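Report on the structure
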Amino acid sequence: MYTPAHFLPNSETVQHLLDHPGAANLVTMTPQGLLATLLPVVYDPDVGEHGALQGHLARNNTQWSEPASGEALAIIQGADAYVSPSWYASKAEHGRVVPTWNYTTAHVYGRLVIHDDPVWVSRQVRRLTGVHEAGFDHPWSVDDAPERFITGQLRAIVGVELVITRIEAKAKLSQNRPVADIDGVVAGLRARGQSEAAADVERAR
């Protein structure tokens, strides 16, 4: 990943991406060529040396059954946003400004492990659901659905685990701009309702 020095993220930013990944694009190289699937994942720090990203695929998705060669890759995307040059104080000073795009991302490489095991898959689904239901006033639980129905749903999916070997990350969050321009970016993003992207810019100061 091309990453200029001023866009290198600190360890806290990388950890935030891992702990709050949402969905990731899982990419594998197979005899049929590159395969990719967007899937929700959770990070387990207790697997291997660097932790693992865990999720599941539909059983009918051939990505899990196609033998992958070499490393697999999961692309995690944090908040991203268009940045208007009209937000920069520099625009009024000299006008030498252009639009850009702010974002955080991590390319997570590792060994892909398949778990065609209902116990592992059930545990993963429960953990994934718990993570995303945590903010609800009345969180839904897997146990809210009929057991027979859940058993059938679990048969239709296969667990996947990316045991991490290395991570390349980038945080392009206006760090190369003067302080007054950064203030303008934060204000502009907030005015457009992009509070998460604004918070990332503030954390990167």
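Residues numbered from 1 in each chain as written. Predicted model: local features only at pLDDT ≥ 70, side-chain atom pairs only at ≥ 80, totals over all residues. Heavy atoms only, no water.

- The protein goes by Transcriptional regulator in an unreviewed UniProt entry, where it is assigned to Pseudarthrobacter siccitolerans.

1. Notes on the overall build of the protein
- Assigned secondary structure in the protein consists of six helices and seven strands.
- Along the protein, helices (α) and strands (β) appear in the sequence α-β-β-β-β-β-α-β-α-α-β-α-α when read from the amino end.
- For the protein, the C-alpha atoms occupy an extent of roughly 65 × 45 × 30 Å along the three principal directions.
- Burial statistics for the protein: of 205 residues in total, 42% are counted as buried.
- Within the protein, contacts between residues separated by at least 24 positions form 73% of all contacts whose residues are at least 6 apart in sequence.
- Total accessible area on the protein stands at roughly 11400 Å², and carbon and sulfur atoms take up 54% of it.
- A gap of 6 Å separates the mean positions of the 17 positive and 23 negative side-chain charges of the protein. (Helix = DSSP H or I, 4+ residues; strand = E, 2+ residues; numbered from the N terminus. Buried < 20%, exposed > 50% of the residue type's maximum accessible area, 1.4 Å probe, protein only. Contact = heavy atoms within 4.5 Å. Areas by Shrake-Rupley, 256 points an atom, 1.4 Å probe, with all protein chains shown as cover. Lys, Arg positive; Asp, Glu negative; His and termini not counted. Charge placed at Lys NZ, Arg CZ, Asp CG, Glu CD.)

2. Overview of empty space enclosed by the protein
- The full count for this structure, using the stated rule, is one cavity of 30 Å³ or more.
- Quantified by volume, the largest cavity comes out at close to 70 Å³.
- Tallied by class, residues from the lining of the largest cavity come to eight nonpolar, three polar and no charged. (1 Å grid on protein atoms, 1.4 Å probe; cavity = no way out; pocket = protein on both sides within 12 Å on 5 of 7 lines; lining within 4 Å. Points joined across faces, edges and corners; volume = space filled by probe spheres on them. Nonpolar A, V, L, I, M, F, W, Y, C, P; charged D, E, K, R; others polar.)

3. So, the sheet that holds strand 1 (residues 23-30)
- Within the open sheet, the seven strands sit side by side as 2-1-5-6-7-4-3. Their pairing is antiparallel. Only two strands of the sheet have a single neighbouring strand rather than two, namely strand 2 (33-40) and strand 3 (42-44). Within this sheet the neighbouring strands show an average axis-to-axis angle of 35°, counted without direction.
- Taken strand by strand, helix 6 (residues 195-203) contacts strand 5 (72-83) and strand 6 (100-115), and its axis lies near 95° from that of strand 5. (Pairing = 2+ DSSP bridges. Axes fitted to C-alpha atoms, helices over the stretch in contact; angles between N-to-C directions.)

4. Remarks on the packing of aromatic side chains
- Tallied over the entire structure, the rule returns one aromatic pair.
- The positively charged end of Arg166 is found above the aromatic ring belonging to Tyr109, 3.8 Å away from the centroid.
- Taking NZ or CZ as reference, Arg177 lies 4.3 Å from the ring centre of Tyr88, over its face. (Phe/Tyr/Trp six-rings, centres within 6.5 Å; stacked < 30°, edge-to-face > 60°. Lys NZ or Arg CZ within 6 Å of the ring centre and 35° of its normal.)

5. Remarks on the pattern of salt bridges
- Under the definition given, this model contains nine salt bridges.
- In this structure, the salt-bridge partner of Arg190 is Glu202, at a minimum N-O distance of 2.7 Å. Placement of Arg190 in helix 5 (residues 179-191) and of Glu202 in helix 6 is noted, with a sequence separation of 12 residues between them.
- According to the relative accessible area criterion, Glu202 is partly exposed, its value standing at 34%.
- Ionic contacts of the salt-bridge type, sharing partners, join the residues Glu71, Arg166 and Glu168 into one network. (Salt bridge = Lys/Arg side-chain N within 4 Å of Asp/Glu carboxyl O.)

6. Section: the pairing of strand 6
- Across 10 bridges, the pairing between strand 5 and strand 6 is antiparallel. For Ile75, the partnering residue across the bridge sits in strand 6 and is His107.
- Across 13 bridges, strand 6 lies against strand 7 (residues 157-172) in antiparallel orientation. Across the sheet, the residue bridging to Gly110 is Ile164, located in strand 7.

7. Thoughts on the packing of helix 5 against helix 6
- Two elements in contact, helix 5 and helix 6, have axes whose closest approach is 8 Å; the angle formed by their N-to-C orientations is 160°. By the angle between their directions, the pair helix 5 and helix 6 is classed as roughly antiparallel. Crossing handedness for the pair helix 5 and helix 6: left-handed. Between helix 5 and helix 6, the residues in contact are Ile182, Val185, Val186, Leu189 and Arg190 and Ala197, Ala198, Val201 and Glu202, respectively. (Parallel < 35°, antiparallel > 145°, perpendicular 65-115°, else oblique. Left-handed = near helix turned anticlockwise from the far one by under 90°.)

8. Some points on the environment of Ala81
- Counting through the fold element by element, Ala81 comes out in strand 5.
- On the accessibility criterion, Ala81 (1% relative accessible area) is buried.
- Separated by 117 residues in sequence, Ala81 and Ala198 place their C-alpha atoms 9.0 Å apart.
- Setting aside its immediate chain neighbours within four residues, Ala81 contacts Thr100, Trp101, Asn102, Leu189, Gln194 and Ala197.

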